[in-house]
Amino acid sequence: KQRYQRRVRGKRCVLMFDHHCPYIYTCVGYRNRIYFALFIATGFVTCVTGCWMAWTRWDMVTGPLMWAGFADLLFTSFAVCLLSAQTYTAASRNLTVNESVNWKKYDHFKAPNDTFVNPFNRGWFRNIAEFFHLTRPTELLYGKRSVLNVRRNVDV
């Protein structure tokens, strides 16, 4: 069970393809998913800080600009919270966003009765450790040679 996927917007294969992100305008995969998770965490902290500042400094800004800024802050916070939840939930289940959305397309995620089964789940703690590269994914090994060390036209 190899976890390669063809890139939607290019000709190279992406190792453990997660999704194509319009915010960073590249595909998220094995080699850059930590940076993407940090990008999401930074956005979350920024939104929490913005909400706190808006709440504590409510009396300093008035008028329609205040309401437009507050609406924008709420929308952005909501979007970042959803994106954070999706990224970290997928990481804790050892799935990519692509796999969790398109699992019916992949035979190794189907049980005999057409229900979802995750062959990559190793428990949430080991899944998170694998997501942050603290352990090596076992499905990426070819005997003694790992595809992580050999760059055969694999990007990200």
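Up top you'll find the structure we're talking about.
Residues numbered from 1 in each chain as written. Predicted model: local features only at pLDDT ≥ 70, side-chain atom pairs only at ≥ 80, totals over all residues. Heavy atoms only, no water.

Undergrad: Give a detailed account of the pattern of salt bridges, specifying residues and quantitative values.
TA: As enumerated under the stated definition, the model contains one salt bridge in all. With a closest N to O distance of 3.3 Å, Glu130 and Arg122 form a salt bridge. Taking relative accessible area as the criterion, Glu130 reaches 1% and is therefore assigned buried. Look at Arg122 and you get partly exposed, because its relative accessible area is 23%. (Salt bridge = Lys/Arg side-chain N within 4 Å of Asp/Glu carboxyl O. Buried < 20%, exposed > 50% of the residue type's maximum accessible area, 1.4 Å probe, protein only.)

Undergrad: Tell me about the packing of aromatic side chains, and name the residues and values.
TA: If you walk through the whole model with that rule in mind, you get seven aromatic pairs. Measuring from ring centre to ring centre gives 6.2 Å for Phe36 and Phe39, while their planes differ by 40°; the resulting arrangement is tilted. Linking Phe36 with Phe39, this pair stays in helix H1 (residues 33–56), spanning three residues, or about one helical turn. Through pairs of rings, three or more aromatic residues link up here, namely Trp103, Tyr106, Phe109, Phe116 and Phe120. (Phe/Tyr/Trp six-rings, centres within 6.5 Å; stacked < 30°, edge-to-face > 60°. Helix = DSSP H or I, 4+ residues; strand = E, 2+ residues; numbered from the N terminus.)

Undergrad: Give a detailed account of H1, specifying residues and quantitative values.
TA: For H1, which comprises 24 residues, the first-to-last C-alpha distance of 35 Å matches the rise-based estimate of 34 Å (1.5 Å per residue) to within 8%. Of the surrounding secondary structure, the elements contacted by the buried residues of H1 are strand E3 (19–21), strand E4 (26–28), helix H2 (64–92) and helix H4 (124–131). (Expected span 1.5 Å × (residues − 1). Contact = heavy atoms within 4.5 Å.)

Undergrad: Tell me about the packing of H1 against H2, and please be specific about residues and values.
TA: In helix packing, the relevant descriptors are the interaxial angle and the interaxial distance, both defined with respect to the helix axes. Packing of H1 against H2 brings their axes to within 9 Å, and their N-to-C directions diverge by 145°. Where H1 crosses over H2, the two elements pack in a sense that is left-handed. Of the residues in H2, those in contact with Phe36, Ala37, Leu38, Ile40, Ala41, Gly43, Phe44, Cys47, Gly50, Cys51 and Ala54 of H1 are Phe70, Leu73, Thr76, Ser77, Val80, Cys81, Leu83, Ser84, Thr87 and Tyr88. Class assignment for the residues of the contact of H1 with H2 results in 15 nonpolar, six polar and no charged. (Axes fitted to C-alpha atoms, helices over the stretch in contact; angles between N-to-C directions. Left-handed = near helix turned anticlockwise from the far one by under 90°. Nonpolar A, V, L, I, M, F, W, Y, C, P; charged D, E, K, R; others polar.)

Spatial relationships are all this shows, so hold off on functional conclusions.
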